[in-house]
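# Coordinate inspection notes
Chain by chain, the residues:
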Amino acid sequence: MNPCLYYKLLAFKPSIYPKAIIASRGDLPEMLINRLNNCRYIHFHLTVVSLSIARVCLLIPFLLIVCSLTQLAHAQVNAEINDTRIPSEQMTGSQRTLLWFDDSGPQDFTLRMLALSQDLGFAPHTFDAMNNESVLSQSESDERYCEIFIEMFNEISQHKGEDVRLTEEHLRKVSDAGQLAEMVDSIVPHHEQVKLLRTKIRQYQKLTAFIWPLFSNMSLSLGQRAPEVAKLRWMLTQLGDFPVKKSSGYRDAIFDVGLINAIKHFQQRHGLSVTGKLNEKTLLALNVSPSERIEQMRLTIFSWFQLPSDLPWRYVWVNLASFTLDVFEKDVSVLHMRVIVGKPLTPTPQMFTQLTQFTINPTWTPPVSIIFDELLPQNTIEPGYLASRGFELRKFVSGATSVIDVGQLSGQQVISYLSRYKLVQEPGHYNALGKFRFSIPNTEAIYLHDTPVKSLFNGLDRALSHGCVRLENAPGLLQYLMADQVKHHTSAITASLDNQRPRHFSLPEPLPVYLIYHTRWIDSNGVLQLRPDVYNLDKEM
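Now for a description of the structure that goes with this document. (Residues numbered from 1 in each chain as written. Predicted model: local features only at pLDDT ≥ 70, side-chain atom pairs only at ≥ 80, totals over all residues. Heavy atoms only, no water.)

## Regarding the environment of Met 482
Its location among the elements puts Met 482 in helix H16 (residues 474–484). Linking Met 482 and Ile 493, residues eleven residues apart in sequence, is a C-alpha distance of 8.9 Å. (Helix = DSSP H or I, 4+ residues; strand = E, 2+ residues; numbered from the N terminus.)

## Side note on the nonpolar core
Core analysis: the biggest nonpolar cluster contains 67 residues, and Trp 100, Met 113, Phe 149, Met 152, Leu 171, Leu 236 and Trp 317 have the highest contact counts within it. Ranked by residues supplied to this core, first place goes to helix H5 (residues 138–160) with eight residues. The next biggest cluster of nonpolar side chains, apart from the first, holds 38 residues, and it includes Leu 320, Val 339, Leu 448 and Tyr 535. (Core = buried A, V, L, I, M, F, W, Y, C linked by side-chain atoms within 4.5 Å. Buried < 20%, exposed > 50% of the residue type's maximum accessible area, 1.4 Å probe, protein only.)

## Let's talk about the sheet that holds strand E9 (residues 422–425)
Reading across from one edge, E8-E7-E9 is the order of the three strands in this open sheet, with antiparallel pairing throughout. Edge positions in the sheet fall to strand E8 (400–405) and E9, since each has one partner strand and no second. Each strand axis lies, on average, 40° off the axis of its neighbour in the sheet, ignoring direction. Pairing geometry for strand E7 (residues 391–397) and E9, over four bridges, is antiparallel. By the bridge assignment for E9, Glu 392 is matched with Val 424. (Pairing = 2+ DSSP bridges. Axes fitted to C-alpha atoms, helices over the stretch in contact; angles between N-to-C directions.)

## Re helix H4 (residues 108–120)
The end-to-end C-alpha separation of H4 is 19 Å, in line with the 18 Å expected for 13 residues at 1.5 Å each. For H4, the complete set of buried residues consists of Phe 109, Thr 110, Met 113, Leu 114, Leu 116, Ser 117, Gln 118, Asp 119 and Leu 120. (Expected span 1.5 Å × (residues − 1).)

## Some thoughts on the packing of H4 against H5
Relative orientation of the contacting elements H4 and H5 amounts to 55°, with a least axis distance of 11 Å. Regarding the angle of H4 to H5, the classification is oblique. Two packed elements cross with a definite hand, and for H4 against H5 that hand is left-handed. Here Thr 110, Met 113, Leu 114, Leu 116, Ser 117 and Leu 120 of H4 come into contact with H5, specifically with Tyr 145, Ile 148, Phe 149, Met 152 and Ile 156. (Parallel < 35°, antiparallel > 145°, perpendicular 65-115°, else oblique. Left-handed = near helix turned anticlockwise from the far one by under 90°. Contact = heavy atoms within 4.5 Å.)

## Observations concerning the pattern of salt bridges
Following the criterion strictly, the structure yields 15 salt bridges and no others. Measuring nitrogen to oxygen at the nearest pair gives 2.7 Å for the salt bridge that ties Arg 394 to Glu 392. Residue Arg 394 is classed as buried on the basis of its relative accessible area, which comes to 17%. Residues Arg 394 and Glu 426 are paired through a salt bridge, measuring 1.7 Å at the closest nitrogen-oxygen approach. Within this pair, whereas Arg 394 is found in strand E7, its partner Glu 426 is found in the loop between E9 and strand E10 (436–439), the two being separated by 32 residues in sequence. Taken together, the shared-partner salt bridges in this structure form one network comprising Asp 119, Arg 198 and Arg 202. (Salt bridge = Lys/Arg side-chain N within 4 Å of Asp/Glu carboxyl O.)

## So, the pairing of strand E6 (residues 351–360)
Examined bridge by bridge, E6 and strand E14 (residues 503–516) share nine bridges and lie antiparallel to one another. Paired with Thr 353 across the strands is Val 513, a residue of E14. For E6 and E10, the ladder comprises four bridges, and the chain directions are antiparallel. Following the sheet pairing, Ile 360 is matched in E10 by Phe 436.

## Section: the pairing of strand E4 (residues 324–329)
Taken residue by residue, a regular strand's side chains alternate between the two faces of the sheet. Counting buried positions along E4 yields five of six residues, so the element is predominantly enclosed. Note that strand E3 (residues 314–319) and E4 share six bridges and pair antiparallel. Bridge assignment links Val 318 to a residue of E4, and that residue is Leu 325. Two successive antiparallel strands, E3 and E4, enclose a turn made up of four residues, where Phe 323 displays a positive phi of approximately 60°. As paired elements, E4 and strand E5 (residues 332–342) share six bridges and run antiparallel to each other. For Leu 325, the partnering residue across the bridge sits in E5 and is Met 337.

## Digging into unusual backbone geometry
For Ala 445, which is not glycine, the phi dihedral falls at a positive 60°. Mapping Ala 445 onto the fold places it in the loop between E10 and strand E11 (448–449). Residue Ala 445 is classed as exposed on the basis of its relative accessible area, which comes to 56%. The phi dihedral of Asn 536 is positive, around 55°, even though this residue is not glycine. Following the sequence through the fold, Asn 536 ends up in the loop between strand E16 (528–530) and helix H18 (537–540). Accessibility expressed as a relative area gives 37% for Asn 536, which makes it partly exposed.

Any functional reading would require information beyond the geometric quantities listed.
Written out as structure tokens, the structure reads:
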């Protein structure tokens, strides 16, 4: 049936038209009668449908009441749900409140957090926060940023020695309190070296795009031309050891004076012998890829996390890896000198302490290990050695000192006295502590001191002592202290310098001392300095 006709028939009144059709049936053609009878059949069904609709209409008010009650019940349940926070681990992407985004995209502190995570290796340096949404939704990106920050925060806290474990729930509470930006900015101490190392890491990240050349043993002479020379020139230019110049394919492959000077600069900043020659140690350092250097610089940044967030305005800084001591005032070195530190077998420990006292004309009481491993064997080889170096046996009894001359004693006799006496070296020319000792309280019997053997400071590897720190310029440190701390003792200090009697002086204000081990740092010229890992501490990290 034509649908249009069907809907027109719905408008017929079945109480009139069916009866008319039946009454006049004999007067109509059969075909028309059949069609009208069909209409009657339709009218019958329409009547049934109309009755059904009427019943439904009677139910509508009842259904509306039920729906209203249902909506009220749902509203009450939703209110209860809103009052109870869903644990973050149970939230779906649509339920999470975005921590790292606002209406305009990633927030400023988000970009700072991601830059830090890239510098420290928690996110790839190719990661682009602004374009990341083309791959992930904001909700997915926000969740990923939470994971990055939590991992980085916990790792840094561990290096700081803090017993803190950040979770997403804690992170959201910080965000709800409006303190997330502050938390991001406080995660790393604002030391100048940390900033400089991060900048240098970004420079080296650009170098990772290149295939880094590797050099084997080779001998080059002045004026020699070889393909390896061009590679070496390019490498030293990228590292900043050779000045950037316009490239010349022919001359770049010639080993000239400029390249020799670049090799010397490279050797100097790596703590190697400055020869300008490609010896074994120089080649090993050249073959370290930028990616490896980045990891080494990151280790140094992590070692900074172990230091206080804010260093005092004045302090003594001893870098055991570079064999140097500096006195800093407002992060500017006002006194610099070379030092000798402990051998790898007897390393100088890292520590944070204070310089509290100094002694002029100190005595030296060697530890048992040095007595038996060095002094007594040397006395056996060279009889009278102990006496010639100013050693004697001492014992304090009832405020008095009992002294025994070791000049006529054998090694065994000296050993027999050691249970009751101490072997002590008098002040003088041969005293191992020289003219000055600077006391820094600690549990390792470590102190800073002068030394009678000055020639050892000329060596590159100055890990030579039994653990204490020998100073190249101990009088310079004393003069620094006298200029500020002990002005009122100037005459007494001057008098003590003219004799050999021990004299102790306490500092009115203890001077902070940091004995640290940093094999990488940025110098005042912005140059990356590197030193051998003599204590193998970087490998342990």
